[in-house]
Amino acid sequence: MVDLIEKKRDNKEHSYEEIQFIINQYMQNKIPDYQISAWAMAIYFNSMSELELTYLTEALVASGEQLDLSDINGIKVDKHSTGGVGDTTTLIVAPLVASLGVPVAKMSGRGLGYTGGTVDKLNSIPGFNTDLSMSNFIHLVNQQKLAIIGQTKNLTPADKKLYSLRDVTATVDSIPLIASSIMSKKIAAGADCLILDVKLGSGAFMKTLDSAENLASTMVKIGKNHNKKTMAIISNMDEPLGYMIGNALEVKEAIETLKGNGPKDLEELSLVLASYMVYFANKATSVKQAQVMLRETISSGKAIETFKTFIASQGGNSTVVDNVSLLPKARYQIPVYSKEEGFVSAISAHQIGTIAMLLGAGRTTKTSVIDPAVGIELRKKVGEHVKKNEPLAFLHINDNKPSNIISQVESSFTISTEKQEPNRLIYKTIF
Ligand code: URA
Ligand code: CA
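This structure is a prediction, so every number in the text was calculated from the model and none was measured. (Residues numbered from 1 in each chain as written. Chains lettered and ligands numbered in written order. Predicted model: local features only at pLDDT ≥ 70, side-chain atom pairs only at ≥ 80, totals over all residues. Heavy atoms only, no water.)

**Considerations on empty space enclosed by the protein**
Okay, step 1: One pass over the structure, following the stated rule, counts two cavities of 30 Å³ or more.
Okay, step 2: Space inside the largest cavity adds up to approximately 110 Å³.
Okay, step 3: Taken together, 16 residues form the lining of the largest cavity, with Y114, T115, G116, I245 and A361 sitting closest to its centre.
Okay, step 4: Only α11 (247-258) and α15 (349-361) provide two or more residues apiece to the lining of the largest cavity.
Okay, step 5: If one sorts the elements of the lining of the largest cavity by residue count, α15 sits on top with four residues.
Okay, step 6: When grouped by side-chain class, the residues that make up the lining of the largest cavity number six nonpolar, eight polar and two charged.
Okay, step 7: Here the lining of the largest cavity spans two domains, since at least three of its residues come from each of domain 2 (77-321) and domain 3 (329-416).
Okay, step 8: Looking at the lining of the second largest cavity residue by residue, the classes come out as four nonpolar, no polar and three charged. (1 Å grid on protein atoms, 1.4 Å probe; cavity = no way out; pocket = protein on both sides within 12 Å on 5 of 7 lines; lining within 4 Å. Points joined across faces, edges and corners; volume = space filled by probe spheres on them. Helix = DSSP H or I, 4+ residues; strand = E, 2+ residues; numbered from the N terminus. Nonpolar A, V, L, I, M, F, W, Y, C, P; charged D, E, K, R; others polar. Domains from an automatic or database assignment.)

**Quick notes on the site of ligand 1**
Okay, step 1: Every residue near ligand 1 is listed here: Y163, R166, I178, S181, I182, K185 and F205.
Okay, step 2: Contacts to ligand 1 include R166, whose side-chain N or O atom sits 2.9 Å from an oxygen atom.
Okay, step 3: The side chain of K185 places a nitrogen or oxygen atom 2.4 Å from an oxygen atom of ligand 1.
Okay, step 4: Relative to its unbound accessible surface of 230 Å², ligand 1 loses 86% to contact with the protein.
Okay, step 5: Mapped onto the shell around ligand 1, the elements with two or more residues apiece are α8 (157-167) and α9 (175-188).
Okay, step 6: For the shell around ligand 1, the element with the most residues is α9, which contributes four residues. (Near = heavy atom within 4 Å. Polar contact = N/O pair within 3.5 Å; in protein donor to acceptor, adjacent residues only side chain to side chain. Areas by Shrake-Rupley, 256 points an atom, 1.4 Å probe, with all protein chains shown as cover.)

**Topic: the layout of surface pockets**
By rolling a water-sized probe across the atoms, one finds the places where empty space is left.
Okay, step 1: Taken as a whole, the second largest pocket spans an internal volume of roughly 360 Å³.
Okay, step 2: In this structure, the second largest pocket is lined by 17 residues; those nearest its centre are E239, K264, D265, K381 and P422.
Okay, step 3: Considering every element that reaches the lining of the second largest pocket, the biggest residue donor is helix α12 (residues 264-280), with three residues.
Okay, step 4: Split by domain, the residues of the lining of the second largest pocket number at least three in each of domain 2 (77-321) and domain 3 (329-416).

**Some thoughts on helix α14 (residues 302-313)**
Okay, step 1: Relative to the 16 Å expected for twelve residues at 1.5 Å per residue, α14 spans 16 Å between its end C-alpha atoms, a close match to the ideal helical length.
Okay, step 2: Regarding α14, the residues found buried are A303, I304, T306, F307, F310 and I311. Each buried residue of α14 sits inside an arc of 155° when the element is viewed along its axis, so together they form one side.
Okay, step 3: On the buried face of α14, the contacting elements are α5 (89-99), α6 (118-123), α7 (134-144), β3 (146-150), α11 and α13 (287-299).
Okay, step 4: Looking one or two residues beyond α14, the residue adopting positive phi is G315, at roughly 85°. (Expected span 1.5 Å × (residues − 1). Buried < 20%, exposed > 50% of the residue type's maximum accessible area, 1.4 Å probe, protein only. Arc of directions from axis to C-beta. Contact = heavy atoms within 4.5 Å.)

**Side note on unusual backbone geometry**
Okay, step 1: Positive phi outside glycine occurs at S47, with the angle close to 60°.
Okay, step 2: Tracing the backbone through its elements, the reader meets S47 in the loop between α3 (33-46) and α4 (50-62).
Okay, step 3: What makes S47 partly exposed here is its relative accessible area of 33%.
Okay, step 4: Residue N227 is not a glycine yet carries a positive backbone phi of 60°.
Okay, step 5: Positionally, N227 belongs in the loop between α10 (209-225) and β5 (229-236).

**What to know about α4**
Okay, step 1: Here α4 spans 18 Å end to end across 13 residues, near enough to the 18 Å set by a 1.5 Å rise per residue.
Okay, step 2: Of the positions making up α4, those classed as buried are E52, L53, T54, Y55, L56, T57, A59, L60 and V61.
Okay, step 3: Check the buried side of α4 and you find it contacts α1 (2-9), α2 (16-27), α3, α8, α9 and α10.

**Details of the coordination of the calcium ion (ligand 2)**
Coordination angles at a metal have ideal targets, namely 109.5 degrees for four tetrahedral donors and 90 or 180 degrees for six octahedral donors.
Okay, step 1: Summarising the metal site, the calcium ion (ligand 2) is bound by the protein donors G86 (O), L241 (O), M244 (O) and E253 (OE), whose distances to it range over 2.4 to 2.6 Å.
Okay, step 2: Motif for the calcium ion (ligand 2), donor spacing along one chain: G-x154-L-x2-M-x8-E. For the residue pair M244 and E253, the accessibility class agrees, reading buried in each case. (Donors = N, O, S within 2.8 Å, 3.2 Å for Na, K, Ca; no water.)

**Looking at the sheet that holds strand β9 (residues 375-378)**
Okay, step 1: Strand order across the open sheet formed by four strands is β6-β9-β11-β7, with antiparallel pairing between neighbours. The strands lining the two open edges of the sheet, one partner per strand, are β6 (244-245) and β7 (332-337).
Okay, step 2: With four bridges connecting them, β9 and strand β11 (residues 391-397) associate as antiparallel partners. Bridged to I376 within β11 is L395.
Okay, step 3: Those strands touched by α15 are β6, β9 and β11, and its axis lies near 140° from that of β9. (Pairing = 2+ DSSP bridges. Axes fitted to C-alpha atoms, helices over the stretch in contact; angles between N-to-C directions.)

**So, the domain arrangement of the chain**
Okay, step 1: Per the domain assignment, the segments making up the chain are domain 1 (2-46), domain 2 (77-321) and domain 3 (329-416).
Okay, step 2: Averaged C-alpha coordinates put domain 2 and domain 3 at centres separated by 24 Å.
Okay, step 3: Every contact between the two is made by 25 residues of domain 2 and, on the other side, 29 residues of domain 3.
Okay, step 4: Interface of domain 2 and domain 3: buried area, both sides summed, is about 2,000 Å²; carbon and sulfur atoms make up 56% of it.
Okay, step 5: Taken together, the connections running from domain 2 to domain 3 amount to three salt bridges. (Buried area = accessible area lost by both parts, 1.4 Å probe. Salt bridge = Lys/Arg side-chain N within 4 Å of Asp/Glu carboxyl O.)

**Here we look at the pairing of strand β4 (residues 193-200)**
Okay, step 1: Counting buried residues along β4, eight of its eight residues qualify, which places the element largely inside the surrounding structure.
Okay, step 2: By the alternation rule, side chains of β4 split into C193, I195, D197 and K199 and L194, L196, V198 and L200, which are all buried.
Okay, step 3: Relative to β4, strand β1 (residues 77-81) runs parallel, the two sharing five bridges. Bridged to S81 within β4 is D197.
Okay, step 4: Following the chain from β4 across α10 to the adjacent parallel β5, one finds a crossover that is right-handed. (Right-handed = clockwise from strand over helix to strand, strands pointing away.)

As structure tokens, this is what we get:
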């Protein structure tokens, strides 16, 4: 291992056997953490070649189980977001594409830190069960094209071990390590095609267009080298997506969007992601046609009907779709007023996400318990006008009321005298 650390330190390329050796021996505890830390730091500074990335991803995948989706008919397409604030797109995209016959067999994560997780959002629906057996999961996808489960199997344990180490050795922030980590999990989850949503902005890992592009194209290359049709978009995460941040609040927002009454940014991003999924699954001859078909599933009511069937099939109370007041509701709704008149020119997604987490909508540690009802409801987005003493947002809270919370939400907004155009939603598409 000393020789291999030296090799990476000197910016030379690892062979397939060398990477296999490192990951396998590490998993058998035959290489200590301190050597892997030094190796990860060498990667941080010297990066990895496309070939090395493909080998590393393969080794991470091979460290655990892989989902076998071969009993599901049709082309399976998965989507992945690198993590944002108020990003409810999976709950919208999944029923949308399933409505057009695209099978969605999705394994989703729980949220950690200020980014939310799809499993937590679904679990805010009374009765909803994300703990299905593999056979039931596959049965549901074949029957109705859609099922979503939490991470039950032992997927990519080498990634878990490596990630924990990176977390405490300042090596998380490395594009080759992030790309191989994300892609190993997606490849192990078994889909044929993959649509990636790389977030860029204050509420995202990637803060510059250059780094977002680098991450996106690195992941696309890894996907293709593993014979998965893969593409990525780079989307805005300077302000939260939609108006709702919090689990039940985001389910409500997803329901509105599937009925055609959603926020513009959330609807547009969902339609873009869904249209690439439909196109990759060969259910449309162009992305444009896919988008027309998807809009039709919303206006005809098919999309919301699919969502309803999906909720019921996983044990949830599907009447929430017709009556959103059946979702968990926080005891207090506290307005946050604007101190001045003007136009909203920025809303810090990072700050809003962090406050929502502290309220109990997210986890500060792996073992934190989520409160499904709490969160933040924005009343204004970038580009909108606000009067003095008009609400910028409402806090949905139970008893947990962190100090200074109102002033923190207020300071997440930047108000200026000149009207600012709404944020650009999609920066780039990478194939
Ligand atoms: N998300 C992941 O899954 N892995 C990383 O390394 C960083 C973010
Ligand atoms: Ca939202």
